[in-house]
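A closer look at the structure
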Amino acid sequence: MEDVKKDILWRVYLVYFFMLVFSLAIIARIFYIQYKQGDELRALAQTQELRMTDLSASRGNILTSDGNMLAASVPVFELRMDLTLPTITDEIFNAKVDSLADGFARILKNQTKIQYKAGLIKARQDNNRYFLIARKVSYDQLKQVRKLPIVRMGRFKGGLIAEQSTQRILPYGNLAQRTIGYEIKDENLFVGLEGAYSDALTGKDGKQLQRRINAGDWIPIHDESEVEPKDGLDIVTTIDINLQDVAENALLRLLQANEANM
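Residues numbered from 1 in each chain as written. Predicted model: local features only at pLDDT ≥ 70, side-chain atom pairs only at ≥ 80, totals over all residues. Heavy atoms only, no water.

**Here's the deal with the overall build of the chain**
Assigned secondary structure in the chain consists of 10 helices and 10 strands. Burial analysis of the chain (262 residues in total) assigns 29% to the buried set. Sequence separation of 24 or more characterises 71% of the internal contacts of the chain that already satisfy a separation of 6 or more. Within the structure as shown, the chain displays about 17700 Å² of accessible surface, and the carbon and sulfur contribution to it stands at 55%. (Helix = DSSP H or I, 4+ residues; strand = E, 2+ residues; numbered from the N terminus. Buried < 20%, exposed > 50% of the residue type's maximum accessible area, 1.4 Å probe, protein only. Contact = heavy atoms within 4.5 Å. Areas by Shrake-Rupley, 256 points an atom, 1.4 Å probe, with all protein chains shown as cover.)

**Digging into a nonpolar patch on the surface**
A grouping of L14, F17, F18 and V21 is seen on the molecular surface, where their side chains present a nonpolar patch of about 380 Å² in accessible area. Classification of L14 by relative accessible area gives partly exposed; the value is 33%. (Patch = residues over 30% accessible without salt bridge, like charges linked within 9 Å, V, L, I, M, F, W, Y side chains within 5 Å. Salt bridge = Lys/Arg side-chain N within 4 Å of Asp/Glu carboxyl O.)

**Some thoughts on helix 10 (residues 241-257)**
Helix length check: helix 10 (17 residues) gives 24 Å between terminal C-alpha atoms against 24 Å at 1.5 Å per residue, within 8%. Residue D240 occupies the N-cap position of helix 10, its side-chain oxygen lying 2.9 Å from the main-chain nitrogen of N242. Just beyond helix 10, the residue with positive phi is E259, at close to 50°. (Expected span 1.5 Å × (residues − 1). Polar contact = N/O pair within 3.5 Å; in protein donor to acceptor, adjacent residues only side chain to side chain.)

**A short note on the packing of helix 3 (residues 90-108) against helix 4 (residues 113-125)**
The geometry of helix 3 relative to helix 4 is characterised by a closest axis approach of 8 Å and an angle of 140° between their N-to-C directions. Considered as vectors, helix 3 and helix 4 are oriented oblique to each other. Considering how the two elements wind past one another, helix 3 and helix 4 form a crossing that is right-handed. Side by side, helix 3 and helix 4 meet where D90, F93, V97, D98, L100, A101, D102, F104, A105 and L108 of the first sit next to K113, Y116, K117, L120, I121 and R124 of the second. (Axes fitted to C-alpha atoms, helices over the stretch in contact; angles between N-to-C directions. Parallel < 35°, antiparallel > 145°, perpendicular 65-115°, else oblique. Left-handed = near helix turned anticlockwise from the far one by under 90°.)

**Notes on the layout of surface pockets**
Any empty space left between atoms is shown by rolling a water-sized probe over those atoms. By volume, the second largest pocket is sized at about 170 Å³. Around the second largest pocket, the lining residues are S56, A57, R59, S73, T166, Q167, R168, T202 and D205. Of the residues forming the lining of the second largest pocket, the biggest block, 3 residues, is contributed by strand 5 (residues 160-169). Class assignment of the residues belonging to the lining of the second largest pocket gives a composition of 1 nonpolar, 5 polar and 3 charged. (1 Å grid on protein atoms, 1.4 Å probe; cavity = no way out; pocket = protein on both sides within 12 Å on 5 of 7 lines; lining within 4 Å. Points joined across faces, edges and corners; volume = space filled by probe spheres on them. Nonpolar A, V, L, I, M, F, W, Y, C, P; charged D, E, K, R; others polar.)

**Observations regarding unusual backbone geometry**
Despite not being glycine, K136 shows a phi value in the positive range, around 55°. By the element assignment, K136 lies in strand 4 (residues 131-137). Backbone geometry at A176 places phi at a positive 55°, although glycine is not the residue there. Topologically, A176 is positioned in the loop between strand 5 and helix 7 (177-180).

Functional significance is not addressed by these values, which are geometric in nature.
As structure tokens, this is what we get:
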């Protein structure tokens, strides 16, 4: 009987010993991570959650001799919405989602009210913090959207996220198109005024701090950028748009009359 008790005690002590060794190993590992790898891991986590991204500067405009636009950069916006904000309570959302969807459909005209409402409800149920509303939204449309229910509570309360980019347009279409020109940097093509004065037109990009949210999407942390982009310079040409129009139409008629290649 005494031998059995000794055997049991020996086994108990052995189990306690291994548990003690295992506990000490865990504690040692915690201290190692905390004091030896802590700074490195914290820095890695920070880079995974935050990033500094470039903000493209608006390209300068190309103008006629009397100040009309030959080529212009206009702002366009991608609109998204964070529907998880605590300020957007269930009471507010349920009361305003119908009129919000109606406003989106009326202003943006890319989906129906029913489609918008269904999308907003699903995005809220899914805790979507980066729900896509529309792409290529004009500034005038954005101003109207900001007056809609929920959105008008403000950037940090209403959940609207407006990401700006620029789009190059030619208000007069093909008129003086070759003179205006273009640039394709990847192919080292610099044509016309766009190519010759590329450095002056380009401007200087800014910087914006962003944080990562669900599904790997990135959103700006602040309304204002950390470094605001500096827009490119405008170029005033000697082109008179009326004379240009007359000259191009006269040449076009002659080409067509002689069945020449254009």
